[in-house]
Amino acid sequence: MREARVSRFPAYRPRRLRRSDALRRLVRETRVAAEQLVQPLFVVPGSGIERPVGSMPGVAQLSVDRAAEECRRLADVGVPAVLLFGLPASKDARGSGATDPHGIIPRALEAIRRAAPGLLLVTDVCLCEYTDHGHCGIVRDGDVDNDATLPLLAEEALAHARAGADIVAPSDMMDGRVGALRRALDAAGFAHLPIMAYAAKFASAFYGPFRDAADSAPQFGDRRSYQMDPANGDEALREVALDIDEGADIVMVKPALPCLDLVRRVKDRFGYPVAAYQVSGEYAMVKAAVARGWLDEGRVVAETLTAIRRAGADIIITYFAKDVARGLGGG
Ligand code: PBG
């Protein structure tokens, strides 16, 4: 270990290296760069729509045209990637909108590709935004049917791939879905398309505001039969191992700040690219305190992102991406 030999006071005076900005920067261990950030966007049908999300100040549902404009701005300030969530025109029990090759995400992909050709387009693969019951899979006898859901998720990922997605990101937490996606993509000529798996995804209270933004709150029950119990760290490592085994290229831990221990354990154990998702509730919490004048937004955001990087994340998905990239000198 690196800390094996340290000298003692007064030979060692840690304050010596804290005496100026330049000196502190010189010995800084962790940096956050715009090129590590992913901005989530919520895309809705229609045009000219920019509908603010009440519980997420600064975040709005955007129609395809507005999303494309926003993506051009994101690319301009140096954000390299967006994570797209689609809200369909209508929902049903099977989540048909998710697999529609002309659905909201395929249309968004085409428009954004034209507006911001170099931007990486990541799509969230899940059914909860598309089902009328709001669950992440097909419901049978009051339970989410794992194996019946897999072909639908694969079909959804294929629709995204065909419309030009650069990365697909399954967030449903069905067992075996990474393998199902990988096989379907390979068979259809998309062997090169990476999968970013929401691998360790907890049943978290911090997703509350997202469910307003994506209109995806479960209409009965909750997600605890498929998302993980926040008490379980070893199980998170098994989930990650399973997803890697099935072909995940990037593994995600979600939420971020409540799971920094797991970001570190996943990075150390597997050495794969790790993404951490600073979720809607983490964003809302900061915004609410800032609005009351209780916290300094710039400093708090910088500190949270630095902490997530220090824990071992390579990629951070955050609703602050654009603001941070702007502040980092992107213009
Ligand atoms: C879809 C999905 C959710 C989030 C990302 N993908 C909601 C959920 O699982 O309930 C949450 C993101 C956030 O809170 O910012 N399954």
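Residues numbered from 1 in each chain as written. Predicted model: local features only at pLDDT ≥ 70, side-chain atom pairs only at ≥ 80, totals over all residues. Heavy atoms only, no water.

## Concerning the packing of helix H4 (residues 146-162) against helix H5 (residues 177-187)
Angle between the axes and distance between the axes: these two values describe a pair of packed helices. Packing of H4 against H5 leaves a shortest axis separation of 9 Å and a crossing angle of 45°. Accordingly, the angle class assigned to the pair H4 and H5 is oblique. For the pair H4 and H5, the sense of crossing is right-handed. Counting all contacts with H4, which are made through Leu-150, Leu-153, Ala-154, Ala-157, Leu-158 and Ala-161, the residues of H5 involved are Arg-177, Ala-180, Leu-181, Ala-184 and Leu-185. (Axes fitted to C-alpha atoms, helices over the stretch in contact; angles between N-to-C directions. Helix = DSSP H or I, 4+ residues; strand = E, 2+ residues; numbered from the N terminus. Parallel < 35°, antiparallel > 145°, perpendicular 65-115°, else oblique. Left-handed = near helix turned anticlockwise from the far one by under 90°. Contact = heavy atoms within 4.5 Å.)

## As for the packing of aromatic side chains
Counted under the stated rule, the structure contains eight aromatic pairs. For the ring pair Phe-42 and Phe-210, a centre distance of 5.5 Å and an interplane angle of 65° mean the geometry is edge-to-face. With Phe-42 in strand E1 (residues 37-44) and Phe-210 in helix H6 (residues 208-213), this residue pair connects regions lying 168 residues apart in the sequence. Considered together, Phe-42 and Phe-210 belong to a single accessibility category, that of buried residues. With centroids separated by 6.2 Å and ring planes inclined at 45°, the aromatic side chains of Tyr-198 and Tyr-277 adopt a geometry described as tilted. Here Tyr-198 is found in strand E9 (residues 196-201), whereas its partner Tyr-277 is found in strand E11 (residues 274-278), with 79 residues between them in sequence. Owing to a relative accessible area of 1%, Tyr-277 belongs among the buried residues under this scheme. The ring centre of Tyr-207 lies 4.2 Å from the NZ or CZ of Lys-254, which sits over that ring. (Phe/Tyr/Trp six-rings, centres within 6.5 Å; stacked < 30°, edge-to-face > 60°. Buried < 20%, exposed > 50% of the residue type's maximum accessible area, 1.4 Å probe, protein only. Lys NZ or Arg CZ within 6 Å of the ring centre and 35° of its normal.)

## Considerations on the site of the ligand
With respect to spatial proximity, 19 residues lie near the ligand, and among them Lys-201, Arg-211, Lys-254, Ser-280 and Tyr-319 are the closest. A distance of 2.6 Å separates an oxygen atom of the ligand from a polar atom in the side chain of Tyr-319. Compared with its free state, where it exposes 400 Å², the ligand has 100% of that area covered by protein. If you map the ligand onto the pockets, it falls in the largest cavity. Looking at the shell around the ligand residue by residue, the classes come out as 11 nonpolar, three polar and five charged. (Near = heavy atom within 4 Å. Polar contact = N/O pair within 3.5 Å; in protein donor to acceptor, adjacent residues only side chain to side chain. Areas by Shrake-Rupley, 256 points an atom, 1.4 Å probe, with all protein chains shown as cover. 1 Å grid on protein atoms, 1.4 Å probe; cavity = no way out; pocket = protein on both sides within 12 Å on 5 of 7 lines; lining within 4 Å. Sits in = over half its atoms within 2 Å of the grid points. Nonpolar A, V, L, I, M, F, W, Y, C, P; charged D, E, K, R; others polar.)

## Here's the deal with the layout of surface pockets
Looking at the largest pocket, its volume works out to about 420 Å³. In terms of lining, the largest pocket is formed by Tyr-12, Pro-14, Leu-17, Arg-18, Arg-24, Val-27, Arg-28, Glu-29, Thr-30, Thr-306 and Arg-310. Classifying every residue of the lining of the largest pocket by side-chain character gives four nonpolar, two polar and five charged. (Points joined across faces, edges and corners; volume = space filled by probe spheres on them.)

## Section: the pairing of strand E5 (residues 120-125)
Of all six residues in E5, five are buried; the element is thus mostly enclosed. Bridging between strand E4 (residues 81-86) and E5 involves four bridges; their strand directions are parallel. Note that in E5 the partner of Val-82 across the bridge is Leu-121. Note on the crossover from E4 through helix H3 (residues 104-115) to E5: the handedness is right-handed. Two elements, E5 and strand E8 (residues 167-170), share four bridges in a ladder whose sense is parallel. Residue pairing in the sheet places Val-125 in a bridge with Pro-170 of E8. (Pairing = 2+ DSSP bridges. Right-handed = clockwise from strand over helix to strand, strands pointing away.)

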